[in-house]
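Spelled out from the first residue to the last, the chains are:
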Amino acid sequence: MKKAAIFLIPILLLVGCKKGDEFALNEKVANEFLKEMSALDEFESKYFSDSSALAKAPSAETAVEVKDAIKLSEDASAGLKNIAGTSVSPEAMPFYKGALEYIDAVNAQGQAAKDFFTESDPRMREGSYELIIENFKKLKSKPDSILAIQKVYLDKVGIK
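This one's a predicted model, so the numbers in the text were calculated from it and none came from an experiment. (Residues numbered from 1 in each chain as written. Predicted model: local features only at pLDDT ≥ 70, side-chain atom pairs only at ≥ 80, totals over all residues. Heavy atoms only, no water.)

Draft legend 1. The overall build of the protein, seen in detail. When helices and strands are counted, the protein shows five helices and zero strands. Every one of the 160 residues in the protein was classed for burial, and the buried ones make up 36%. Across the protein, the fraction of contacts at a sequence separation of at least 24, relative to all contacts at a separation of at least 6, is 81%. Taken as a whole, the protein presents about 9700 Å² of accessible surface, with 62% of it coming from carbon and sulfur. (Helix = DSSP H or I, 4+ residues; strand = E, 2+ residues; numbered from the N terminus. Buried < 20%, exposed > 50% of the residue type's maximum accessible area, 1.4 Å probe, protein only. Contact = heavy atoms within 4.5 Å. Areas by Shrake-Rupley, 256 points an atom, 1.4 Å probe, with all protein chains shown as cover.)

Draft legend 2. Layout of helix 3 (residues 63-83). The end-to-end C-alpha distance of helix 3, which contains 21 residues, comes to 30 Å, matching closely the 30 Å that a straight helix rising 1.5 Å per residue would cover. What helix 3 keeps buried is the set E65, V66, D68, A69, L72, S73, A76, G79, L80 and I83. With its phi angle positive at about 80°, G85 sits one or two positions after the end of helix 3. (Expected span 1.5 Å × (residues − 1).)

Draft legend 3. Structural context of the confidence of the model for the protein. Taken as a whole, the protein shows an average pLDDT of 83; of its residues, 81% reach a score of 70 or greater. Here residues 1-17 is modelled with pLDDT under 50, and outside its nearest four sequence neighbours on either side it reaches zero contacts, counting other chains as well. (pLDDT = per-residue confidence, 0-100.)

Draft legend 4. Summary view of the packing of aromatic side chains. Summed over all chains, the structure comprises eleven aromatic pairs. Taken together, the aromatic side chains of F43, Y47, F48, F116, F117, Y129 and F136 make up a single cluster linked through ring pairs. The positively charged end of R125 is found above the aromatic ring belonging to F116, 4.1 Å away from the centroid. (Phe/Tyr/Trp six-rings, centres within 6.5 Å; stacked < 30°, edge-to-face > 60°. Lys NZ or Arg CZ within 6 Å of the ring centre and 35° of its normal.)

Draft legend 5. Here's a closer look at the packing of helix 4 (residues 93-118) against helix 5 (residues 122-157). Contact geometry for helix 4 and helix 5: axes closest at 9 Å, N-to-C directions at 165°. Considering the angle they form, helix 4 stands roughly antiparallel to helix 5. For the pair helix 4 and helix 5, the sense of crossing is left-handed. For the contact of helix 4 with helix 5, the per-class residue count stands at 17 nonpolar, five polar and two charged. (Axes fitted to C-alpha atoms, helices over the stretch in contact; angles between N-to-C directions. Parallel < 35°, antiparallel > 145°, perpendicular 65-115°, else oblique. Left-handed = near helix turned anticlockwise from the far one by under 90°. Nonpolar A, V, L, I, M, F, W, Y, C, P; charged D, E, K, R; others polar.)

Draft legend 6. Layout of the packing of helix 3 against helix 4. One way to put it is that helix 3 packs onto helix 4 with a least axis distance of 8 Å and a crossing angle of 160°. Taken together, helix 3 and helix 4 sit at an angle that is classed as roughly antiparallel. Between helix 3 and helix 4 lies a crossing of left-handed hand. Judged by residue contacts, E65, V66, A69, I70, L72, S73, A76, S77, L80 and I83 of helix 3 engage Y96, L100, I103, D104, V106, N107, G110, Q111, A113, K114, F117 and T118 from helix 4. Of the residues assigned to the contact of helix 3 with helix 4, the class counts are 13 nonpolar, six polar and three charged.

Draft legend 7. The pattern of salt bridges, seen in detail. Counted by the stated rule, this structure contains seven salt bridges. Note that D68 and K46 form a salt bridge whose closest N and O atoms lie 2.9 Å from each other. Linking D68 in helix 3 with K46 in helix 1 (residues 2-47), this pair joins segments that are 22 residues apart in sequence. Residue classification places K46 among the partly exposed residues on the basis of a relative accessible area of 48%. (Salt bridge = Lys/Arg side-chain N within 4 Å of Asp/Glu carboxyl O.)

Draft legend 8. Representation of the nonpolar core within the structure. F43, F48, Y102 and F117 are the most contacted members of the largest nonpolar core, which totals 36 residues. Sorting the residues of this core by element identifies helix 1, helix 3, helix 4 and helix 5 as the ones contributing at least two each. Beyond its immediate chain neighbours, meaning those up to four positions away, F43 contacts F48, D68, A69, L72, A113, F117 and F136. (Core = buried A, V, L, I, M, F, W, Y, C linked by side-chain atoms within 4.5 Å.)

Spelled out as structure tokens, the structure:
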């Protein structure tokens with residue numbers, strides 16, 4: 001009986017450590033994902049909402065818009081660096097990849113917005129604007145699927 005109990009202690013510790021690692025990974029990735037999702041939503045509503053005359057103006061470049069677009073992109077890039085190279089279990093991989101892809105898309109959207117704000121040709125601006133709006137629509141559909149993947153991951157590793 002004593003031998004069985006001694007044998008079970010390392011197994012229980014290992015399971016507890018694995019759960020702790022999974023919890024830490026989930027917190028790190030989810031925090032970056034939610035931070036970038038919030039930043040993207042705020043950026044979109046500020047510059048690309050239906051009521052935003054700025055986005056549809058023939059020439060709208062100001063230091064503020066460009067600075068905000070660069071910040072969106074740089075923050076997403078920093079978020080990617082923060083979670084890149086993190087040790088990821090097979091159970092976490094779909095959630096991890098989904099979050100990385102989303103954050104990378106936010107980075108690209110910031111770059112596209114910067115290009116839009118600095119473009120002086122009205123025809124090019126119009127095309128850029130339409131592409132940015134289409135990308136916002138695509139990005140808005142992703143969080144629900146990533147959160148569903150996260151839920152499956154958390155269920156698999158026993159985190160409620």
